[in-house]
Amino acid sequence: MRRLVIVSNRVANPACDQAHGGLAVCVLDSLRKRGAMWFGWNGAIVTDEAEIDVATAKFGDLTLMTMPLAERDYREYYLGFANAALWPVHHNRLDLACFTQENIEGYRRVNDRFAGTLMPLLAPSDLIWVHDYHFIPLGAGLRARGAANSIGFFLHIPFPTPDVLVAMPEHEWLINSLCGYDLVGFQTKTDQANFCRFVCDFMGGEMISDEVIRVADKLVSASVFPVGIDVDAFASIAKNPKATKLIQRLRSVRELRMNVIGVDRLDYTKGLPDRLRAFKRVIELYPQNRRAVTLMQIATPTREDVRAYADIRHELEALSGEINGEFGDFDWTPVRYIHRRIARDTLAALYRGSHVGLVTPLRDGMNLVAKEYVAAQDEGNPGVLILSRFAGAAEDLQEALIVNPYDADEVAHAMQIAINMPLAERIERHGALMARVRQQDACAWMEGFLDALADCGQRRANMDPRSFCVRS
Ligand code: GDG
């Protein structure tokens, strides 16, 4: 088997339960059955560039190779261009995007440094899989250094429509860099279609099949690979004795009848203020829910050095205080707001112990929380998933209650339906959702991508670049 080299901004250490971003979760889950070398940032920041060095750690078949970022790189590449330009643009938040020349240069510089550091570590037969928006130009950096390997890229976040993308300075350079990969993978058909539309309408590309575009003298495949989780592993931690004890504790709080749960990184794309407003409406519109329903919102700290993230935190704290102040009583707290990281097994138990899973991002590449909620349920008495139509997961999880997260009354109405849903309907919906989550699990995602990448590599090896233009 050819060695797999994974490149992503953050690298998760399998020995500790510290992975709380979606990328780390699905890559780790998919690597359980296959070895790899995983290369990226170790999370440390150094003041002096001379201190940047690669460290190696081995965990069975998995080798982690990581290096720190210099302070200036952290500011310009990570906070600046990746998280204050690319992230908001890809989530349709041009109002929050901030573009500066220094940040773009920082992004180029770090991509170039990572490509330069990785190059001597590669063998000619390695399959290289680059992940996410932090490293769009990394593949081109490897090619410029002579890498002839098959190189694929997967975008974990949505791909914007062309009219949004053109607002970003350097968008042509970025998309050109994407076109240098053999294979570009997307979460949904909509993302893939947006990418193809941009390449064809703005860069002179031409579709030569549903998934292959010819642009300039290159062929690039653009395909859909929805990410998933390790379903059995997650379901089993949700059922273990520790989880069962925790669920009993959760349900033994006398006044609590129904628990609604939300779990998200505290990010403005996740629609948390809108969710709290919808929860307020479910109490206002259906007074029988007073004292009977509680929303537990876990909002894990993330990217706290980016201004927009501090703002959303204050908004959320004010809103939960407002709802609790207005409706709460000495024996009922309507919103339990937790702003800290929770252990993964506790999370699994909380999903299982909750009657409703509320997943209502304003925009999301996929959303693994939706899949985890389904996997954790008791199939004989499952809870109900409420899912935003703007989460990539909604393309497949149609048996959830699909809602528009911007419409508080619509979400409140769905919550009421979920709270009252008869057991038979819950079982039927859950069975269908579970089948989909199983079908598109972490292994299927990885195998699908790597098989397609190997095919693309074969195509490149077989083809004279000058013959790319031939069309049947
Ligand atoms: C990106 C895309 C795409 C959250 N809080 C805690 C915790 N988590 C875990 C969840 C889940 C993961 O983090 C979050 O994944 P999501 O998919 O929901 O969201 P992003 O982090 O934004 O992920 C997303 C994903 O990449 C994969 O491609 O689906 O669209 O934005 O696994 O359980 N885990 C623990 N404690 C927490 O407090 N242990």
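This one's a predicted model, so the numbers in the text were calculated from it and none came from an experiment.

Engineer: So what about the sheet that holds strand S8 (residues 206-209)? Which residues, and what values?
Structural biologist: Pairing is mixed in the open sheet, where 10 strands are placed in the order S3-S4-S2-S1-S5-S6-S7-S10-S9-S8. Because the sheet does not close on itself, it has two edges, and the strands there are strand S3 (55-59) and S8. Between one strand axis and the next, the sheet turns through 25° on average, direction left out of account. By the bridge criterion, three bridges tie strand S6 (residues 150-154) to strand S7 (residues 183-186) in an arrangement that is parallel. Bridging across to S7, Phe 153 finds its partner in Val 184. Running over the sheet, helix H16 (residues 442-462) touches strand S1 (4-10), strand S5 (127-131), S6, S7, strand S9 (212-215) and strand S10 (218-224) and is turned about 140° from S6.

Engineer: I'd like a rundown of the environment of Pro 160, residues and numbers included.
Structural biologist: Tracing the sequence through the fold places Pro 160 in the loop between S6 and helix H5 (162-165). Put simply, Pro 160 and Gln 248 are 88 residues apart on the chain and 44 Å apart in space, counted from C-alpha to C-alpha. Leaving out residues up to four positions away in the same chain, Pro 160 has contacts with Val 89, His 90, Asn 92, Leu 165 and Asn 194.

Engineer: Please set out the site of the ligand residue by residue, giving values where relevant.
Structural biologist: Every one of the 28 residues lining the ligand counts as a neighbour, but His 156, Thr 300, Ile 342, Asp 364 and Glu 372 are closest to it. At 2.5 Å from a nitrogen atom of the ligand is found a main-chain nitrogen or oxygen belonging to Ile 342. A distance of 2.5 Å separates an oxygen atom of the ligand from a polar atom in the side chain of Glu 372. For the ligand, whose unbound accessible area comes to 730 Å², protein coverage reaches 98%. Of all elements in the fold, only helix H1 (22-31), strand S11 (258-265), helix H12 (344-352) and helix H13 (368-376) reach the threshold of two or more residues within the shell around the ligand. Per-element accounting of the shell around the ligand gives the leading share, four residues, to H1. Residues that form the shell around the ligand fall into these classes: 13 nonpolar, eight polar and seven charged. Composition of the shell around the ligand by domain shows at least three residues from each of domain 1 (4-228 + 442-468) and domain 2 (231-439).

Engineer: Can you tell me about the pattern of salt bridges, naming the residues and giving the values?
Structural biologist: According to the stated counting rule, one finds 30 salt bridges in the structure shown. With a closest N to O distance of 2.8 Å, Asp 331 and Arg 291 form a salt bridge. Of this pair, Asp 331 sits in the loop between helix H11 (307-327) and strand S13 (335-338) while Arg 291 sits in the loop between helix H10 (272-285) and strand S12 (293-300), placing them 40 residues apart in sequence. Note that Glu 425 and Arg 429 form a salt bridge whose closest N and O atoms lie 2.9 Å from each other. Remark: Arg 429 and Glu 425 occur in helix H15 (residues 423-439); sequence separation between them is four residues, near one turn of the helix. Note on Glu 425: relative accessible area 30%, which makes it partly exposed. Taken together, the shared-partner salt bridges in this structure form one network comprising Lys 280, Arg 281, Glu 284, Glu 322, Glu 326 and Asp 409.

Engineer: Please give an account of the nonpolar core that cites residues and values.
Structural biologist: Counting 99 residues, the largest nonpolar core has Leu 138, Ile 175 and Phe 195 as its most contacted members. At 10 residues, helix H2 (residues 71-90) tops the list of elements feeding residues into this core. Two domains share this core, each providing at least three of its residues, namely domain 1 (4-228 + 442-468) and domain 2 (231-439). Setting aside anything within four residues of it in sequence, one finds Phe 195 in contact with Phe 159, Ile 175, Leu 178, Cys 179, Phe 186, Ile 213 and Ala 222. With 62 residues, the next largest nonpolar core counts Leu 4, Val 263, Phe 449 and Cys 456 among its residues.

Engineer: Before we move on, can you summarise the state of the cysteines with the specific residues and values?
Structural biologist: Across all of its chains, the model carries zero disulfides by this definition. Left unpaired, Cys 200 is separated from the closest cysteine sulfur, that of Cys 196, by 6.3 Å. You can call Cys 200 partly exposed: its relative accessible area is 22%. The thiol of Cys 456 is not disulfide-bonded; the next cysteine sulfur, from Cys 196, is found 13 Å away.

Engineer: Explain unusual backbone geometry to me, and be specific about the residues and the numbers.
Structural biologist: Located in the positive-phi region is Ala 216, a residue other than glycine, with phi close to 50°. Structurally, Ala 216 can be placed in the loop between S9 and S10. Among the residues examined, Ala 216 registers a relative accessible area of 63% and is labelled exposed. A positive phi angle, near 40°, is found at Arg 303, a position not held by glycine. With respect to the helices and strands, Arg 303 occurs in the loop between S12 and H11.

Engineer: Account for H16, with residues named and values stated.
Structural biologist: Its 21 residues give H16 an end-to-end C-alpha distance of 30 Å, which sits within 8% of 30 Å, the value for a rise of 1.5 Å per residue. Of the residues making up H16, those classed as buried are Ala 442, Cys 443, Trp 445, Met 446, Phe 449, Leu 450, Ala 452, Leu 453, Cys 456, Gly 457 and Arg 459.

Engineer: Outline the domain arrangement of the protein, supporting the account with residue identities and numerical values.
Structural biologist: On domain assignment, one finds that the protein holds domain 1 (4-228 + 442-468) and domain 2 (231-439). Distance from the C-alpha centre of domain 1 to the C-alpha centre of domain 2: 31 Å. Carbon and sulfur atoms make up 57% of the area that domain 1 and domain 2 hide from each other, which totals about 2,200 Å². Here domain 1 is connected to domain 2 by eight residue pairs in polar contact (both at pLDDT 80 or more). Elements that contribute at least two residues to the side of domain 1 that touches domain 2 include exactly H1, H2 and helix H7 (189-203). Broken down by element, the side of domain 1 that touches domain 2 gets its largest block of residues, seven residues, from H2. Across the side of domain 1 that touches domain 2, the residue classes break down as 14 nonpolar, 13 polar and four charged.

Reading guide: rules and limits
Residues numbered from 1 in each chain as written. Predicted model: local features only at pLDDT ≥ 70, side-chain atom pairs only at ≥ 80, totals over all residues. Heavy atoms only, no water. Pairing = 2+ DSSP bridges. Helix = DSSP H or I, 4+ residues; strand = E, 2+ residues; numbered from the N terminus. Axes fitted to C-alpha atoms, helices over the stretch in contact; angles between N-to-C directions. Contact = heavy atoms within 4.5 Å. Near = heavy atom within 4 Å. Polar contact = N/O pair within 3.5 Å; in protein donor to acceptor, adjacent residues only side chain to side chain. Areas by Shrake-Rupley, 256 points an atom, 1.4 Å probe, with all protein chains shown as cover. Nonpolar A, V, L, I, M, F, W, Y, C, P; charged D, E, K, R; others polar. Domains from an automatic or database assignment. Salt bridge = Lys/Arg side-chain N within 4 Å of Asp/Glu carboxyl O. Buried < 20%, exposed > 50% of the residue type's maximum accessible area, 1.4 Å probe, protein only. Core = buried A, V, L, I, M, F, W, Y, C linked by side-chain atoms within 4.5 Å. Disulfide = S-S within 2.5 Å. Expected span 1.5 Å × (residues − 1). Buried area = accessible area lost by both parts, 1.4 Å probe.

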